[in-house]
Amino acid sequence: DAGLSALAYDACCLWCLGYPEQALKRSQDALALARELDHPFTLADVLCFAGCLFNEMRRDAQALKGNSEELVRLANEKGIPTWLGQGPSYRGGALAMLGQVQEGIAQMREGTAALQSEGVRCYLPGVLRSLAEAQAKAGHPEEGLTTLAEALALVEQTEGRHWEAELHRLRGELLLMQGHEDGAEASLQKAVEVARHQQAKSWELRATTSLCRLWGRQGKREEAHQLLVEIYGWFSEGFDTPDLKEARAVLEELS
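Residues numbered from 1 in each chain as written. Predicted model: local features only at pLDDT ≥ 70, side-chain atom pairs only at ≥ 80, totals over all residues. Heavy atoms only, no water.

**Q** Give me empty space enclosed by the protein: which residues, what numbers.
**A** Under the defined criterion, the tally for this structure stands at two cavities of 30 Å³ or more. Its boundaries defined by the atoms lining it, the largest cavity holds a volume of some 80 Å³. Lining the largest cavity are W15, P20, R58, S202, L205, F235, T241, P242, D243 and L244. At the level of elements, α11 (201-217) and α13 (242-254) are the ones that each hand at least two residues to the lining of the largest cavity. Residue composition of the lining of the largest cavity, grouped by class: six nonpolar, two polar and two charged. The computed volume of the second largest cavity comes to approximately 50 Å³. The set of elements that each furnish at least two residues to the lining of the second largest cavity consists of α5 (81-97) and α7 (124-137). At five residues, α7 tops the list of elements feeding residues into the lining of the second largest cavity. Residues belonging to the lining of the second largest cavity are distributed by class as follows: three nonpolar, two polar and four charged. (1 Å grid on protein atoms, 1.4 Å probe; cavity = no way out; pocket = protein on both sides within 12 Å on 5 of 7 lines; lining within 4 Å. Points joined across faces, edges and corners; volume = space filled by probe spheres on them. Helix = DSSP H or I, 4+ residues; strand = E, 2+ residues; numbered from the N terminus. Nonpolar A, V, L, I, M, F, W, Y, C, P; charged D, E, K, R; others polar.)

**Q** Would you mind going over the side chain of T112 in detail, with residue names and values included?
**A** Relative to the helices and strands, T112 resides in helix α6 (residues 101-117). Look past the residues within four positions of T112 in its chain and what remains in contact with it is S89, L124 and V127. (Contact = heavy atoms within 4.5 Å.)

**Q** Before we move on, can you summarise unusual backbone geometry with the specific residues and values?
**A** With a phi close to 65°, R59 is a non-glycine residue in the positive phi region. Tracing the backbone through its elements, the reader meets R59 in the loop between α3 (40-57) and α4 (61-78).

**Q** Go over the pattern of salt bridges with me, naming the residues and quoting the values.
**A** Applying the stated rule across the entire model yields 26 salt bridges. Notably, a salt bridge pairs R161 with E156, separated by 3.1 Å at the nearest N-O pair. Of the residues examined, E156 reaches a relative accessible area of 46% and is grouped as partly exposed. Residues R213 and E173 are paired through a salt bridge, measuring 3.7 Å at the closest nitrogen-oxygen approach. With R213 in helix α11 and E173 in helix α9 (residues 164-177), this pair connects stretches of sequence that are 40 residues apart. The class for R213 is partly exposed, based on a relative accessible area of 21%. Linked through salt bridges whose partners overlap, the residues forming this network are E56, R59, R129, E133, E166, R169, E173, R206, R213, D243 and E246. (Salt bridge = Lys/Arg side-chain N within 4 Å of Asp/Glu carboxyl O. Buried < 20%, exposed > 50% of the residue type's maximum accessible area, 1.4 Å probe, protein only.)

**Q** So, α7: which residues are in play, and what are the values?
**A** One turn of the α-helix equals 3.6 residues, which is why residues spaced by three or four share an orientation. Spanning 14 residues, α7 covers 20 Å between terminal C-alpha atoms, matching the ideal 20 Å at 1.5 Å per step. Across the 14 residues of α7, 12 count as buried, placing the element largely inside the fold. Among all positions in α7, only L124, P125, G126, V127, L128, R129, S130, L131, A132, A134, Q135 and A136 are buried. Elements in contact with the buried residues of α7: α3, α5, α6, α8 (141-158) and α9. Count one or two residues on from α7 and you reach G139, which has phi positive near 90°. (Expected span 1.5 Å × (residues − 1).)

**Q** Could you give me a rundown of the packing of α11 against helix α12 (residues 221-234), with the residues and numbers involved?
**A** Helices that pack against each other are described as a pair by the angle of their axes relative to one another and the distance between those axes. Their axes nearest at 9 Å, the elements α11 and α12 cross at an angle of 165°. Taken together, the axes of α11 and α12 lie roughly antiparallel to each other. The chirality of how α11 crosses α12 is left-handed. Side by side, α11 and α12 meet where K201, E204, L205, T208, T209, L211, C212, W215 and G216 of the first sit next to R221, E223, A224, L227, L228, I231, Y232 and W234 of the second. Classifying every residue of the contact of α11 with α12 gives 10 nonpolar, three polar and four charged. (Axes fitted to C-alpha atoms, helices over the stretch in contact; angles between N-to-C directions. Parallel < 35°, antiparallel > 145°, perpendicular 65-115°, else oblique. Left-handed = near helix turned anticlockwise from the far one by under 90°.)

Structure (structure tokens):
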């Protein structure tokens with residue numbers, strides 16, 4: 001059903017634009033209607049976007065795990081090839097977020113291989129982003145940076161720029177883990193720039209929070225506070241979400 005797919009995509013767009021509560025309502029509506037319709041391909045499509053992608057962006061690991069496991073079951077039961085790669089990829093990301101890092105990495109690699117075997121490239125930057133984050137959690141930021149370089153190359157090749165700002169932000173965080181402050185700062189500034197160009201307020205908030213945390217460590221507290229308070233003050237909802245709570249905590253540290 002094209003209307004339900006549009007509703008699912010709309011949930012992700014609303015989140016990116018900076019309306020997390022409206023996005024959550026849209027996501028829940030799309031999932032409920034898709035389950036009621038009981039059309040396997042439509043349900044898989046909605047689970048992928050309004051479920052997995054949406055909950056990955058908002059960092060809700062438990063919801064992501066539940067949606068991804070449902071997607072895996074559906075893909076296996078109905079033999080839907082594209083989702084045979086997407087399901088394990090999302091489940092691996094959820095497991096890594098929940099602390100089961102090695103198992104998560106293994107499942108993301110399985111999902112990546114399945115997507116590549118089907119010639120599917122448009123979803124890979126997001127999968128590679130999750131994999132890089134997990135590699136960093138496992139204590140291998142250098143592997144994560146290699147993975148991010150692959151993801152950013154795919155962004156340029158496919159023009160699929162949904163994750164672009166977050167890829168640059170994560171690159172900055174991994175460079176910081178290695179002690180490369182100058183490179184980290186440049187990547188974080190690039191992340192803010194990309195998010196602003198896309199008018200993606202949620203990505204801008206996340207990137208600005210990372211940049212301002214770094215500036216705070218460098219002694220540029222006033223400049224960091226001013227920059228972060230501007231983007232934080234733009235939001236009118238979703239103050240209980242991880243990104244806004246994290247931004248608020250950094251603002252308090254900078255005050």
